[in-house]
Amino acid sequence: MTLHGFQRSSASFRVRIALNLKRVEYRTVTHDLSLAEHRAPAYLTINPQGLLPALEDGSRILTQSLAIIEYLEARFPQPPLLPPDPAGAARVRALFQVIAADTHALASMRVGAYLKQRLGHDDAQVRAWQHHWIGQSFDALETLLSRDPSTGEFSHGDRPSLADIALVPQAHTAGRNGLELGAWPTISRISDACLRLPAFAQAHPDHVLNPTVQDTQEQEHAPHAR
């Protein structure tokens, strides 16, 4: 498999985590968002939307992080990323969407670029925009996680799920944008628990930029697929 992504893309980060959890061998092709490489004609033939990530599996090209992860879940059922019961699966999907649908879309790099380049906002104004939408989302997410007995070591029980795949990249983005996670102790605790796992740690942008150990799949596990 080939993952088209960028280390600082939250959606790419999600798919890297899922691939690592599923122990799927893949190679990465980087498209630097800061250089608009995702808008290059060659990449637009892969994904006409010009967004990251995209996953090539043979002749099949998949886009949108949730669709890619659901595809991986169907192809490689172990370990599962969704609980077996309908209510649990619905809860996990909802937690994922709080971030992927309701937060990321408002605080993404391309929205920040539009605010600056087209609307004339300065860096401080863009940062205030991002803080507002991430903070509002995290306030709600903290309540959803802290008040529900289904929350365990991770967002749902004691095994990482689809919800954590969204939470960790957004927590990283929040920190990079100057938001202290101490205001959301449950989110902070779960993010820390996830990053103690190799599948999350080795998908982290810092590891992608400066790998200090071999790939999770090569170092610890036999791959499911090439």
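Coordinates for the structure precede this section.
Conventions and cut-offs
Sequence order as written defines the numbering, with residues in each chain counted from 1. With pLDDT at 70 or above as the cut-off, local features in this predicted model cover only qualifying residues; side-chain atom pairs require 80 or more to be listed or tallied, and sums for whole chains, interfaces and linings still use all residues. Side-chain metrics rest on all non-hydrogen atoms present in the structure, leaving aside hydrogens and water. Grouping buried Ala, Val, Leu, Ile, Met, Phe, Trp, Tyr and Cys residues that are joined through side-chain atoms within 4.5 Å yields what is termed a nonpolar core. Per-residue accessibility, obtained with a 1.4 Å probe over protein chains only, is compared with the maximum for each type, and a residue is labelled buried under 20%, exposed over 50%, and partly exposed between these values. Elements are defined by DSSP. Helices are runs of H or I of four residues or more, strands are runs of E of two residues or more, and each kind is numbered from the N terminus. Here the rule is simple: two strands pair whenever DSSP picks up at least two bridges between them. Between N-to-C directions, angles cover 0 to 180 degrees, with each direction set by a line fitted to C-alpha atoms, over the stretch in contact for helices. Residue contacts are counted whenever heavy atoms from the two residues lie within 4.5 Å of one another. Two aromatic rings, drawn from Phe, Tyr or Trp (for Trp, its six-membered ring), form a pair once their centres lie within 6.5 Å of each other, and the interplanar angle then sorts them: stacked below 30 degrees, edge-to-face above 60, tilted otherwise. Comment on the angle field: the value is read as roughly parallel under 35 degrees, roughly antiparallel over 145, roughly perpendicular from 65 to 115, and oblique elsewhere. With the far helix as reference, a near helix turned anticlockwise by less than a right angle produces a left-handed crossing, and one turned clockwise produces a right-handed crossing. Under the scheme applied, nonpolar residues are Ala, Val, Leu, Ile, Met, Phe, Trp, Tyr, Cys and Pro; charged residues are Asp, Glu, Lys and Arg; polar residues are all the others, including Gly. In this scheme, a helix's expected span is set at 1.5 Å multiplied by one less than its residue total. Side-chain atoms alone can form a polar contact between residues adjacent in sequence; in general such a contact is a pair of N or O atoms within 3.5 Å, and within protein one must be able to donate a hydrogen while the other accepts it. Salt-bridge detection follows one rule: a side-chain nitrogen of Lys or Arg within 4 Å of a carboxyl oxygen of Asp or Glu.

Engineer: Can you help me understand the nonpolar core in this one?
Structural biologist: A general trend in soluble globular proteins is that nonpolar side chains are found buried together. Counting 49 residues, the largest nonpolar core has Met1, Leu19, Leu72 and Leu141 as the members making the most contacts within it. Of all the elements in the fold, those that place two or more residues in this core are helix H1 (10-21), helix H3 (65-75), helix H4 (86-100), helix H7 (123-146), helix H8 (162-176), helix H9 (185-195) and helix H10 (198-201). It is H8 that provides the largest number of residues to this core, a total of eight residues.

Engineer: Explain the sheet that holds strand S4 (residues 60-63) to me, please; I cannot follow it from the model alone.
Structural biologist: Paired through backbone hydrogen bonds, the strands of a sheet run either parallel or antiparallel to each other. Across the sheet, four strands lie side by side as S2-S1-S3-S4; this open sheet has mixed pairing. The open sheet has two edge strands with one neighbour each: strand S2 (27-30) and S4. The mean inter-strand angle of the sheet, taken between neighbouring strand axes irrespective of direction, is 20°. Here four bridges tie strand S3 (residues 54-57) to S4, and the two strands are oriented antiparallel to one another. Residue Ala54 lies in a different strand from S4, and its bridge partner there is Thr63. On top of the sheet, H1 reaches strand S1 (2-5) and S3; it is set at about 155° to S1, its chief contact.

Engineer: Is there a simple way to think about the packing of aromatic side chains in this case?
Structural biologist: Aromatic rings in a pair are described by how distant their centres are and how their planes are angled relative to each other. Under the defined criterion, the tally for this structure stands at two aromatic pairs. A centroid spacing of 5.9 Å and a plane angle of 65° characterise the contact between Trp129 and Trp133, whose relative ring orientation is edge-to-face. Here Trp133 and Trp129 lie together in helix H7, a separation of four residues that amounts to about one turn. With a relative accessible area of 31%, Trp129 lands in the partly exposed category.

Engineer: Looking at this structure, I do not really get the packing of H4 against H7. What am I missing?
Structural biologist: Between two packed helices, what matters for the description is the angle formed by their axes and the separation of those axes. In contact at an axis separation of 10 Å, H4 and H7 are set at 165° when each is read in the N-to-C sense. When the axes of H4 and H7 are compared, the pair comes out roughly antiparallel. The element H4 and its partner H7 pack so that their crossing is left-handed. When H4 is examined against H7, the residues Arg91, Leu95, Val98 and Ile99 are found in contact with a partner set consisting of Ser137, Leu141, Leu144 and Leu145. Residues that form the contact of H4 with H7 fall into these classes: six nonpolar, one polar and one charged.

Engineer: Looking at this model, I keep getting lost on H7. Mind explaining?
Structural biologist: Each α-helix winds once per 3.6 residues, and so residues spaced three or four apart point in a common direction. End to end, H7 covers 33 Å across 24 residues, agreeing with the expected 34 Å (1.5 Å per residue, within 8%). Taken residue by residue, H7 has Val126, Gln130, Ile134, Gly135, Ser137, Phe138, Leu141, Glu142 and Leu145 as its buried positions. Of the residues flanking the start of H7, the one acting as N-cap is Asp122, its side-chain oxygen 3.2 Å from the backbone nitrogen of Ala124.

Engineer: Any chance you could explain the pattern of salt bridges here in plain terms?
Structural biologist: Two side chains bearing opposite charge may form a pair once their charged atoms approach each other closely. Applying the stated criterion across every chain, the model contains five salt bridges. For Glu70, the salt bridge goes to Arg93, with nearest N and O atoms at 3.3 Å. Within this pair, whereas Glu70 is found in helix H3, its partner Arg93 is found in helix H4, the two being separated by 23 residues in sequence. Taking relative accessible area as the criterion, Arg93 reaches 36% and is therefore assigned partly exposed. As a salt-bridge pair, Arg91 and Asp148 come within 3.0 Å of each other at their nearest N and O atoms. Taken together, the residues Arg91 in helix H4 and Asp148 in the loop between H7 and H8 connect sequence positions 57 residues apart.

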